[in-house]
Amino acid sequence: MARRLRTVGREFADSAPIRLVFAAEVSAPVDVVYRALAEDVASWPSWFTAVTRATPTDGGAGREVRLRGGVRFRETIVAAEPDTCYAYRADESNAPGIRALLEEWRLTPEGSGTRVQWTFAADGTGPFRLVLSLARAGVGRSFRDAVRRLDARLATTTP
């Protein structure tokens, strides 16, 4: 059963009690990476294997996301700045212990490619915070693997 989470704004990316920040580089230019993140939402499961389904909602103003293990999120897009930032807040989730969540993807040109920085900003119960802090290395590995797969995918679809 999904629960309503606390509504947070973009500033939560900098002020959340739990902030996991990871960065990696891809060879595709920022406009191509941005389109993959913000406009081709349904393709996320093909490169981010933790995601089993991602569907745009509300005419692109939101998303419904399912993760491996059955965790679900209903999200609102809070930033869609072409070629620089894509961020969304979770409004509802069935994840135990979570109270607030915002994810922000920042894109920066890096030579002919892109530096991708992902911030996972969250708040939750004590046990949730503990589990997330213990999972930091695994979350980072998941991010790096996803970005590597996204890079490979974009290399085969970009002229």
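Here, every reference points to the structure presented above.
The structure presented is a predicted model; accordingly, all values stated were derived computationally and were not measured.

About the criteria used
Residues numbered from 1 in each chain as written. Predicted model: local features only at pLDDT ≥ 70, side-chain atom pairs only at ≥ 80, totals over all residues. Heavy atoms only, no water. Helix = DSSP H or I, 4+ residues; strand = E, 2+ residues; numbered from the N terminus. Rg over C-alpha atoms; globule rule 2.2 N^0.38 Å. Buried < 20%, exposed > 50% of the residue type's maximum accessible area, 1.4 Å probe, protein only. Pairing = 2+ DSSP bridges. Polar contact = N/O pair within 3.5 Å; in protein donor to acceptor, adjacent residues only side chain to side chain. Contact = heavy atoms within 4.5 Å. Phe/Tyr/Trp six-rings, centres within 6.5 Å; stacked < 30°, edge-to-face > 60°.

A. Representation of the overall build of the protein chain in the model. Regarding its fold elements, the protein chain presents five helices and eight strands. Each helix (α) and strand (β) of the protein chain, taken in turn from the N terminus, gives the series β-α-β-α-α-β-β-β-β-β-β-α-α. The C-alpha radius of gyration of the protein chain comes to 15 Å, within 12% of the 15 Å expected for a compact globule of 159 residues. When its C-alpha atoms are laid out on the principal axes, the protein chain stretches across 45 × 35 × 30 Å. Evaluated residue by residue, the protein chain yields a buried proportion of 45% over its 159 residues.

B. Summary view of the pairing of strand E2 (residues 18–26). Residues Ile 18, Leu 20, Phe 22, Ala 24 and Val 26 line the buried face of E2, whereas the alternating positions Arg 19, Val 21, Ala 23 and Glu 25 sit on a face that is not buried. One ladder, built from nine bridges, connects E2 with strand E8 (residues 113–124); its direction is antiparallel. Paired with Glu 25 across the bridge in E8 is Arg 115.

C. Spatial organisation of the side chain of Asp 91. With respect to the element layout, Asp 91 can be found in strand E6 (residues 85–93). On the basis of relative accessibility, which here comes to 7%, the residue Asp 91 falls in the buried class. Side chain to side chain, Asp 91 and Arg 89 meet in a polar contact 2.6 Å long. If sequence neighbours within four positions are ignored, Asp 91 has contacts with Arg 3, Arg 4, Leu 5, Arg 74, Glu 75 and Thr 76.

D. Structural view of the packing of aromatic side chains. Following the criterion strictly, the structure yields 16 aromatic pairs and no others. Between Tyr 34 and Tyr 86 the ring centres are 6.4 Å apart and the planes differ by 85°, which places this aromatic pair in the edge-to-face class. On the criterion of sequence distance, the pair formed by Tyr 34 in helix H2 (residues 30–39) and Tyr 86 in strand E6 is long-range, its members being 52 residues apart. According to the relative accessible area criterion, Tyr 86 is buried, its value standing at 3%. Arranged with centres 6.2 Å apart and planes meeting at 80°, the rings of Trp 47 and Trp 105 form a pair that is edge-to-face. Pair noted here: Trp 47 is in helix H3 (residues 44–47) and Trp 105 is in strand E7 (residues 98–110), with a separation of 58 residues, a long-range link. Neither residue differs from the other here; Trp 47 and Trp 105 are each classed as buried. Among the aromatic residues, ring-to-ring pairing joins Phe 22, Tyr 34, Trp 44, Trp 47, Phe 48, Tyr 86, Tyr 88, Trp 105, Trp 118, Phe 120 and Phe 143 into one connected group.

That's the geometry; what it means functionally is another story.
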